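What follows is the residue order along each chain.
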Amino acid sequence: MVSSHPAGLPGRGEFSYGVATASYQVEGAIGADGRTPSIWDTFTQVPGAIRDGSDGATACDSYHRVEEDLALVAGLGVDHYRFSLAWPRILPGGTLAAGVEARGLDYYDRLVDGLLERGISPMPTLYHWDLPQVLEDDGGWLNRDTGRHLADLARVVHDRLGDRVGMWATLNEPYCSAYLGYAAGIHAPGRVLGTGAHVAAHHLLLGHAWAAEALRDAGARDVGIVLNLAPVWPERPEAAEVADGVDAIRNRVWLGPLTDGAYDDGLLAVAPELRDPDVVRDGDLAAVRGSAEWIGINYYTPERPDLAAAGEPAGVPVYPGVEGLVMRPREPLTDIGWEVDARGLTQVLADTHARTGLPVLVCENGAAYHDTVVDGAVDDRARVDYLRDHLAAVTAAREAGVDVRGYVAWTLLDNFEWAEGYTQTFGIVHVDRQTRNRIPKASYHWYATHVGERG
Ligand code: IFM
């Protein structure tokens, strides 16, 4: 047991640097120490679901390479390491009633101690998409009880790690869990339900609120939620209505309940499921209101909605119910096809702080570019430029008075990029796919220098 005191959310005027990973994307070891399959273990086996037919069975093998990865994190000089907890390692049966797997907790115990020994504070996220398959078999996020089980996971994890964790995130990007997972079917569990996915969104919010309450009841402080909010920039005035639908599903479905305890009329117009009193029960929205002490923002790209032209195929499955919608990203694009515009980060930080009154923290930001290893080194200048410009955008927000408490780069390692498999690399450390050897890229060294100079 290590006695160092971990840092929580930085105070007003303070700023923390960090780097992030997520359990399924890096850990591998999917059958180790009692872990059971997650929805991603199942989904990756569906032919065609993953671009290169790969899975996270080994990923970066971080489960077995804790020391190596800790050294990489320490080499950056960051204050926080953001990681997520694999639910199927800790509650292999999905629920508390089905039993706690101590060996799964041991892994996170070692990770947390290793961080503290190096003077780095842990920033765990309870849920970054690897739902136990056994819970999906029971409806997954369409089942309200899943949120109750997340609260149990929070209690179990706090019991083990709470003495050494100063800040917590409940969910990572519930937009992706709900709409990529249950509307478009491009992420696990691969359900194509259109507007039915709003039910999953509501249950994710409930899960967040109940888990946050469980953490606080157990004595935790600085409990937040991490959202991939986006600035919505309509292409022309005629696109105002579709842009409102995009803003509703991407941003307001989360910020409305968290801030006002309500879903707004514009959202309800595209999400009729949220009018159903069996779905949104008395007291639900009141439980969500005020349940986050900070908002984590994952920013990569703005959204540029437009109204489809006559004869143009319309409809964007990750925005169900928004009729006639097309997206028109502008160049430059990263290799995953996402528009690069750092001004969007300044805007989303400012808008979110103004909307919620809460401290905001960049919890993910980074770029997918294809890299080449030359003489054992990776000169990823485009990624360095992306990080530099986005860190400048954070500074611009701070100078404008926005209460931004930190910046966490995505991501430490080239890892399993969900439906893209290993075809897209966001890491500041290259990982050889055969040997799993790690090579810090130019962006790693640049970020370490930036952090060392405190920006
Ligand atoms: O890799 C993901 C991460 O898991 C969640 N946020 C976006 C990243 C890039 O797609």
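Check the entry above for the structure.
This text gives an overview of the structure that appears in the document. Just so it is clear, the structure is predicted and the values come from calculations on it, not from any experiment. (Residues numbered from 1 in each chain as written. Predicted model: local features only at pLDDT ≥ 70, side-chain atom pairs only at ≥ 80, totals over all residues. Heavy atoms only, no water.)

1. Here's the deal with the pattern of salt bridges
At step 1: This structure, assessed with the given rule, holds 41 salt bridges.
At step 2: Arg-438 serves as the salt-bridge partner of Asp-69, at 3.0 Å between the closest nitrogen and oxygen. With Asp-69 in helix H3 (residues 66-76) and Arg-438 in strand E14 (residues 438-440), the pair connects residues that are 369 residues apart, well separated along the chain. Both residues of the pair, Asp-69 and Arg-438, belong to the buried class.
At step 3: A salt bridge links Asp-113 to Arg-164, with the shortest nitrogen-to-oxygen separation between them at 2.8 Å. Here Arg-164 lies in the loop between helix H7 (145-161) and strand E4 (168-172) and Asp-113 lies in helix H5 (residues 102-117), a separation of 51 residues in the sequence.
At step 4: The exposure class assigned to Asp-113 is buried, which follows from its relative accessible area of 14%. (Salt bridge = Lys/Arg side-chain N within 4 Å of Asp/Glu carboxyl O. Helix = DSSP H or I, 4+ residues; strand = E, 2+ residues; numbered from the N terminus. Buried < 20%, exposed > 50% of the residue type's maximum accessible area, 1.4 Å probe, protein only.)

2. A word on the site of the ligand
At step 1: Around the ligand, the surrounding shell consists of Gln-25, His-128, Trp-129, Asn-172, Glu-173, Tyr-300, Trp-338, Glu-364, Trp-410, Glu-417, Trp-418 and Phe-426.
At step 2: One of the side-chain nitrogen or oxygen atoms of His-128 is found 2.8 Å away from an oxygen atom of the ligand.
At step 3: Broken down by class, the residue content of the shell around the ligand amounts to six nonpolar, three polar and three charged. (Near = heavy atom within 4 Å. Polar contact = N/O pair within 3.5 Å; in protein donor to acceptor, adjacent residues only side chain to side chain. Nonpolar A, V, L, I, M, F, W, Y, C, P; charged D, E, K, R; others polar.)

3. A look at the nonpolar core
At step 1: Trp-40, Tyr-179, Trp-254, Ile-295, Leu-349 and Tyr-447 are the most contacted members of the largest nonpolar core, which totals 139 residues.
At step 2: With 13 residues, helix H9 (residues 197-217) is the largest single contributor of residues to this core.
At step 3: Residues contacting Tyr-179, with those up to four places away along its chain left out, are Ala-184, Ala-197, His-198, Ala-201, Ile-249, Val-253, Trp-254, Val-318 and Pro-320.
At step 4: Of all hydrophobic cores here, the second largest spans 19 residues; its members include Ala-20, Met-167, Ile-336 and Val-408. (Core = buried A, V, L, I, M, F, W, Y, C linked by side-chain atoms within 4.5 Å. Contact = heavy atoms within 4.5 Å.)

4. Points about empty space enclosed by the protein
At step 1: Applying the stated criterion to the full structure yields three cavities of 30 Å³ or more.
At step 2: In this structure, the largest cavity encloses a volume near 100 Å³.
At step 3: Lining the largest cavity are 14 residues; nearest its centre among them are Thr-21, Val-26, Tyr-81, Tyr-107 and Leu-111.
At step 4: Of all the secondary structure elements, the ones that give two or more residues to the lining of the largest cavity are helix H1 (23-26), H3, strand E2 (80-84) and H5.
At step 5: Of the residues assigned to the lining of the largest cavity, the class counts are eight nonpolar, four polar and two charged. (1 Å grid on protein atoms, 1.4 Å probe; cavity = no way out; pocket = protein on both sides within 12 Å on 5 of 7 lines; lining within 4 Å. Points joined across faces, edges and corners; volume = space filled by probe spheres on them.)

5. Quick word on the side chain of Asp-130
At step 1: Within the secondary structure, Asp-130 sits in the loop between strand E3 (121-127) and helix H6 (133-136).
At step 2: A polar contact of 2.5 Å, which involves the side chain of Asp-130, links it to the side chain of Ser-23.
At step 3: Those residues in contact with Asp-130 that sit more than four places away from it in its chain are Ser-23, Tyr-24, Ser-38, Trp-40, Leu-85, Ala-86, Trp-87 and Pro-88.

6. Focus: the packing of aromatic side chains
At step 1: Under the definition given, this model contains 25 aromatic pairs.
At step 2: A centroid spacing of 5.8 Å and a plane angle of 85 degrees characterise the contact between Trp-87 and Tyr-127, whose relative ring orientation is edge-to-face. Remark: Tyr-127 occurs in strand E3 and Trp-87 occurs in helix H4 (residues 87-90); sequence separation between them is 40 residues. Tyr-127 carries the same exposure label as Trp-87, and that label is buried.
At step 3: Geometrically, the ring pair formed by Phe-416 and Trp-418 is edge-to-face, given 6.2 Å between the ring centres and 75 degrees between the ring planes.
At step 4: One aromatic cluster is present, formed by Tyr-24, Trp-40, Phe-43, Trp-129, Phe-416, Trp-418 and Tyr-422 through successive ring pairs.
At step 5: The ring centre of Tyr-175 lies 4.7 Å from the NZ or CZ of Arg-250, which sits over that ring.
At step 6: Directly above the ring of Tyr-422 sits Arg-433, whose terminal nitrogen or CZ lies 3.9 Å from the centroid. (Phe/Tyr/Trp six-rings, centres within 6.5 Å; stacked < 30°, edge-to-face > 60°. Lys NZ or Arg CZ within 6 Å of the ring centre and 35° of its normal.)

7. Observations concerning the sheet that holds strand E5 (residues 223-227)
At step 1: On the basis of which strands lie adjacent, the closed barrel formed by eight strands has the order E1-E2-E3-E4-E5-E6-E9-E12 and parallel pairing. Along the sheet, successive strands turn relative to each other by an average axial angle of 25 degrees, direction set aside.
At step 2: Bridge count between E3 and E4: two bridges; the pairing is parallel. Its bridge partner being in E4, Thr-125 is matched across the sheet by Ala-169.
At step 3: Each of E2 and E3 is contacted by H5, which is oriented at about 170 degrees to E2, the strand it contacts most.
At step 4: In the packing of helix H15 (residues 442-452) onto the sheet, contacts are made with strand E1 (16-20) and strand E12 (404-410), and the angle to E1 comes to roughly 160 degrees. (Pairing = 2+ DSSP bridges. Axes fitted to C-alpha atoms, helices over the stretch in contact; angles between N-to-C directions.)

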